[in-house]
Amino acid sequence: MRQVQGADVAIVRHADEPQPVCDAVVTSVAGLALCVRVGDCVPVVLADADAGVTAVAHAGRRGMVTGVVPKTVAAMRASGAVDIEAWLGPHVCGGCYEVPAPLRDEAATAVPAAYACTTWGTPSLDIGAGVTAQLQADGCSVNDRSACTVESADFFSYRRDGAASGRCAGIVVRRSGGS
Ligand SMILES: [Zn+2]
């Protein structure tokens, strides 16, 4: 997908479809790999293996506030998903993601769990905590595989390395025959 920090969700059925402009994709097709790319935002991978529905979502501050993850879950349920498991990958942590106070207030009004402070005591946002709260409110089980991209040299970080940074990818593919 071509990610635009929005909340649109696309349903995909073929690998040769034009690249959708959106921040989440959902499929019921086995063998079709879905990929989300992030610089410091939260990569979310979702699956209901029994129902055969998989998805990925890209959740930054704007995506969290506009509900890209709840919209992804709703699209999965509309495709037949029931028991949804989600995995959160590496992203900037609440201790590092400094934002101006008005931005924190705006985001935390929409998603209170995202309210945070940096390790040096200034306003920040914990997007991972916000997305986790959204997933749990929608009845998903959450596997938190996060690490802080800014603090860990194992991961690419746009905030740490600037425009020349690489990207982390989250990928999900359902094998034919389930799981
Ligand atoms: Zn951090």
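Quick look at the structure, then.

### Quick look at the coordination of the zinc ion
Ideal donor angles around a metal are set by the shape: a four-donor tetrahedron calls for 109.5 degrees, a six-donor octahedron for 90 or 180 degrees. For the zinc ion, the full set of protein donor atoms is Cys93 (SG), Cys96 (SG), Cys148 (SG) and Glu151 (OE), at a range of 1.9 to 2.3 Å. Of note, the donors binding the zinc ion are all from one chain and are spaced C-x2-C-x51-C-x2-E.

### Thoughts on the layout of surface pockets
Estimates place the volume of the largest pocket at around 410 Å³. Lining the largest pocket we find 17 residues, and of these Gln5, Gly39, Asp40, Cys41 and His58 sit closest to its centre. Going through the elements one at a time, strand S3 (34-38), helix H1 (61-66) and helix H5 (158-161) are the ones with two or more residues in the lining of the largest pocket. In terms of residue class, the lining of the largest pocket is built from six nonpolar, five polar and six charged. Estimates place the volume of the second largest pocket at around 250 Å³. Looking at the lining of the second largest pocket, the element that brings in the most residues is S3, giving four residues. Partitioned by chemical class, the residues of the lining of the second largest pocket number 11 nonpolar, three polar and two charged.

### Side note on helix H4 (residues 127-137)
Burial in H4 covers these residues: Ile127, Gly128, Gly130, Val131, Thr132, Gln134 and Leu135. Capping of H4 at its N-terminal end is provided by Asp126; its side-chain oxygen lies 3.3 Å from the backbone amide nitrogen of Gly128. Following H4 by one or two positions, Gly139 adopts a phi angle in the positive range, close to 80°.

### Details of the sheet that holds strand S2 (residues 24-27)
Here we have six strands laid out as an open sheet, ordered S1-S2-S5-S4-S6-S9, and mixed in their pairing. Unpaired on one side and paired on the other, strand S1 (9-11) and strand S9 (141-144) mark the two borders of the sheet. Between one strand axis and the next, the sheet turns through 15° on average, direction left out of account. Sitting on the sheet, helix H2 (residues 68-78) is in contact with S1, S2, strand S4 (42-48) and strand S5 (53-59), with an inclination near 170° to S5.

### Some points on unusual backbone geometry
Positive phi is not limited to glycine here, since Gln5 has a value of about 60°. Examined against the element boundaries, Gln5 turns out to sit in the segment before S1. Since its relative accessible area comes to 31%, Gln5 is described here as partly exposed.

### Looking at the environment of Cys96
Inspection of the secondary structure assignment puts Cys96 in the loop between strand S6 (85-88) and helix H3 (101-110). Between the alpha carbons of Cys96 and Thr122 there is a distance of 9.7 Å; along the sequence they are 26 residues apart.

### Examining the pattern of salt bridges
Applying the stated criterion across every chain yields a total of one salt bridge. Among the salt bridges present, the one from Asp161 reaches Arg160, with a minimum N-O distance of 3.0 Å. Given a relative accessible area of 33%, Arg160 falls into the partly exposed group.

### With respect to the state of the cysteines
This structure, assessed with the given rule, holds zero disulfides. With no disulfide partner, Cys35 has as its closest neighbouring cysteine sulfur the one in Cys168, 11 Å distant. Here Cys41 stays unpaired: no disulfide links it, and the sulfur of Cys168, its closest cysteine neighbor, is 11 Å away. The buried category is assigned to Cys41, whose relative accessible area is 18%.

What counts and how
Each residue is numbered by its place in its chain's sequence as written, counting from 1. A pLDDT threshold of at least 70 governs which residues receive local features in this predicted model, and a stricter bar of 80 or more applies before side-chain atom pairs are shown or counted, although totals over entire chains, interfaces and linings include all residues. Hydrogens and waters are ignored; side-chain quantities use all the structure's heavy atoms. Metal sites are built from N, O and S donor atoms within 2.8 Å, or 3.2 Å for Na, K and Ca, and they leave out water, so they may look incomplete. In the cavity and pocket records, a cavity denotes points on a 1 Å grid over the protein atoms alone where a 1.4 Å probe fits but cannot get out, a pocket denotes an open set with protein on both sides within 12 Å along at least 5 of 7 lines, and lining residues are residues with an atom within 4 Å of a point. Grid points are joined across faces, edges and corners, and a volume is the space filled by probe spheres set on the points. Runs of H or I in DSSP of at least four residues are treated as helices and runs of E of at least two as strands, each being numbered from the N terminus. In this classification, the charged set is Asp, Glu, Lys and Arg, the nonpolar set is Ala, Val, Leu, Ile, Met, Phe, Trp, Tyr, Cys and Pro, and all remaining amino acids, among them Gly, are polar. For the exposure calls, accessible area comes from a 1.4 Å probe over protein chains only, and a residue counts as buried if that area is under 20% of its type's maximum, exposed if over 50%, partly exposed in between. Counting of polar contacts relies on pairs of N or O atoms within 3.5 Å, with two restrictions inside protein: one atom must be capable of donating a hydrogen and the other of accepting it, and residues adjacent in sequence are counted only when both atoms are side-chain atoms. Whether two strands pair comes down to DSSP finding at least two bridges between them. Every axis corresponds to a line fitted to the C-alpha atoms, with the helix fit spanning only the stretch in contact, and the corresponding angles, defined between N-to-C directions, vary from 0 to 180 degrees. Residue contacts are counted whenever heavy atoms from the two residues lie within 4.5 Å of one another. Only one rule defines a salt bridge in this text: a Lys or Arg side-chain nitrogen within 4 Å of an Asp or Glu carboxyl oxygen. Disulfides are defined as cysteine sulfur pairs within 2.5 Å.

Take it as geometry only, folks, not as evidence of what the structure does.
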